Amino acid sequence: MIEDLLPPDYTLPNLIQLRFFSGKLDRGLQRKGESLMMKKIVFLLLLFVGIRNVSPVAAQPQSPASNFEIQKLAEGVYAAIRKQPPLMSFDPNNVFIINDDDVIVVDANASLAATKELIAELRKLTNKPVKYVINTHWHDDHIIGNQAYRDAFPQVEFIAHASTLQDRPTIGEANRQQMLTGGKGYAEHLRKQLEQNKSLAGTPITEEERINYRSDVAWLERALTEALSIKIILPTLTVEDRLTLHRGTRTIEIRYLGRGHTGADLIVHLPKEGILITGDLVVWPVPLVGSTSFPAAYSATMDKLLTLPANIFVPGHGPVLRDNEYLKLMSRLLTSLKDQTAAAVARGETLEQARKSVNLTEFRKLFTGDSMMRRILFGDYVSGAGVAAAYREATAK
Ligand SMILES: [Zn+2]
């Protein structure tokens, strides 16, 4: 089994260096020693596993637009659930809350084309105007589409956490420039992997990976084509802790529960409908703990999230969840990540040493099952950037 030959919590430097949404490059991971170690691992894998003779498949990108499904969650509440498979680049879920006189939208998209398509879908449901777009955080995939809402609804207001005004033009813009600079090379790298039937892990590519790589290539091509026409629109209304909107009998709670996926995660809670829209505090199938995340605070934020009464959970990415089991698992993982990394720091370990001593094997199995694709994501999101972020937090104290 290929899986058995993999080191327990491996990371892939080439993926980490091309991380788009989770933040800036992780300096620790770019150190030569680790890069050499990873090359050795890949080399050993090839030695042990060899490359199976699989039929070549051309890297045909498919349009990332029209890749969502509208699901009715309650009267007037609709989720647009993205069907793109997860890798490095994908659009978020969106929610329409249609009220007596207006519409509130949760999250914009990663592209103007995808957002325009979504607005066209909204117009099939209602002719009421969009009054507010809530950006659950300032990562590109949740904010770029603001521009399309402004064009379609000139009176629209954009709601985000107060820190967005400082962080988006600085950290957010640096991340965006990195994506634009590295995106072309990354897409080419994926195309090459597809042509050679090779996984990013160096092993023979699985069908699941093939689908995901193609989706990433298509997404990147769209992002790079649109890049020059994108203008980021910052929030016009900011929230520190809580904002409650009342629309007829509907109550819409917008809350900041603490740092987590970023320092600016807002959640939207509809208490009467039992609906919780989490933004990227919850990402399925593998939590996205990036270099702009705060693992030490994240588990406490998840625990607060779990106290809010709900039976329908809309994650930032992934399908609608009908119970909180996945959220509880995330909370346990984040607690373990935080505690183990803090213990490693207390023992005086370097980041490289902590990477070896922090053992997330049990969690990795629970999140990834038999999927090589998910193992790549876990290695990149959690064991890679997540441990580095937890280490940064623990050493900053
Ligand atoms: Zn996202």
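Look above for the structure.
Below: a short report on this structure. (Residues numbered from 1 in each chain as written. Predicted model: local features only at pLDDT ≥ 70, side-chain atom pairs only at ≥ 80, totals over all residues. Heavy atoms only, no water.)

## Concerning the pairing of strand 1 (residues 68–74)
Quick note on the threshold: Any two strands between which DSSP finds at least two bridges are classified as paired. By the criteria applied, helices consist of DSSP H or I runs no shorter than four residues and strands consist of E runs no shorter than two, each listed in order from the N terminus.
Bridge analysis of strand 1 against strand 2 (residues 77–82) gives six bridges, and the strand direction is antiparallel. In the sheet register, phenylalanine 68 faces strand 2, and the bridge partner there is arginine 82. Linkage of strand 1 to strand 2, two consecutive antiparallel strands, is achieved through a turn of two residues, within which glycine 76 is found at a positive phi near 80°.

## Concerning the pairing of strand 10 (residues 266–270)
We count it as follows: The buried label goes to any residue with under 20% of its type's maximum accessible area, the exposed label to any with over 50%, and the partly exposed label to all in between, with areas taken from a 1.4 Å probe on protein chains only.
Strand 10 sits mainly inside the fold: five of its five residues count as buried. Burial along strand 10 is two-sided: Leu266, Val268 and Leu270 and Ile267 and His269, pointing in opposite directions, are all buried. In this sheet, strand 10 lies alongside strand 9 (residues 250–256) in antiparallel orientation, the contact comprising four bridges. When the sheet's bridge partners are listed, arginine 255 is paired in strand 10 with isoleucine 267.

## Focus: the side chain of asparagine 94
The following threshold applies: Under the rule applied, a polar contact is a pair of N or O atoms within 3.5 Å (in protein, one hydrogen donor and one hydrogen acceptor; residues adjacent in sequence only if both atoms are side-chain atoms). In what follows, residue pairs with any heavy atoms lying within 4.5 Å of each other are defined as contacts.
Looking at the element boundaries, asparagine 94 is found in strand 3 (residues 94–98). A distance of 3.3 Å separates a polar atom in the side chain of asparagine 94 from a polar atom in the side chain of asparagine 109. Look past the residues within four positions of asparagine 94 in its chain and what remains in contact with it is Tyr78, Ala79, Ala80, Arg82, Val106, Asp107, Ala108, Asn109 and Leu118.

## Remarks on the nonpolar core
The cut-off we apply is this: What is meant by a nonpolar core is a set of buried Ala, Val, Leu, Ile, Met, Phe, Trp, Tyr and Cys residues, joined one to another through side-chain atoms within 4.5 Å.
Leu305 and Leu360 are the most contacted members of the largest nonpolar core, which totals 55 residues. Of all elements in the fold, only helix 7 (164–195), helix 8 (207–226), strand 11 (275–283), helix 9 (295–306), helix 10 (325–346), helix 11 (351–357), helix 12 (361–368) and helix 13 (372–396) reach the threshold of two or more residues within this core. Of all the elements, helix 13 adds the most residues to this core, at 11 residues. Within the second largest apolar cluster, 26 residues are counted, among which are Val103, Leu118, Ile144 and Tyr149.

## Regarding the packing of helix 10 against helix 13
Counted only if it meets this: Where helices are involved, their axes are fitted lines through C-alpha atoms of the stretch in contact, as for all axes, and angles between N-to-C directions lie from 0 to 180°. Any angle from 65 to 115 degrees is called roughly perpendicular, while one under 35 is roughly parallel, one over 145 is roughly antiparallel, and all others are oblique. Each helix crossing is assigned a hand: it is left-handed if the near helix lies turned anticlockwise from the far helix by less than a right angle, otherwise right-handed if that turn is clockwise. Three classes are used, and their members are as follows: Ala, Val, Leu, Ile, Met, Phe, Trp, Tyr, Cys and Pro are nonpolar, Asp, Glu, Lys and Arg are charged, and the others, Gly among them, are polar.
At a minimum axis separation of 9 Å, helix 10 and helix 13 run at an interaxial angle of 50°. For the element pair helix 10 / helix 13, the angle class is oblique. Both helix 10 and helix 13 take part in a crossing whose hand is right-handed. For the pair formed by helix 10 and helix 13, the contact residues are Leu333, Leu337, Thr341, Ala342 and Val345 on the first element and Phe378, Val382, Gly386, Val387, Ala390, Tyr391, Ala394 and Thr395 on the second. For the contact of helix 10 with helix 13, a count of residues per class yields 10 nonpolar, three polar and no charged.

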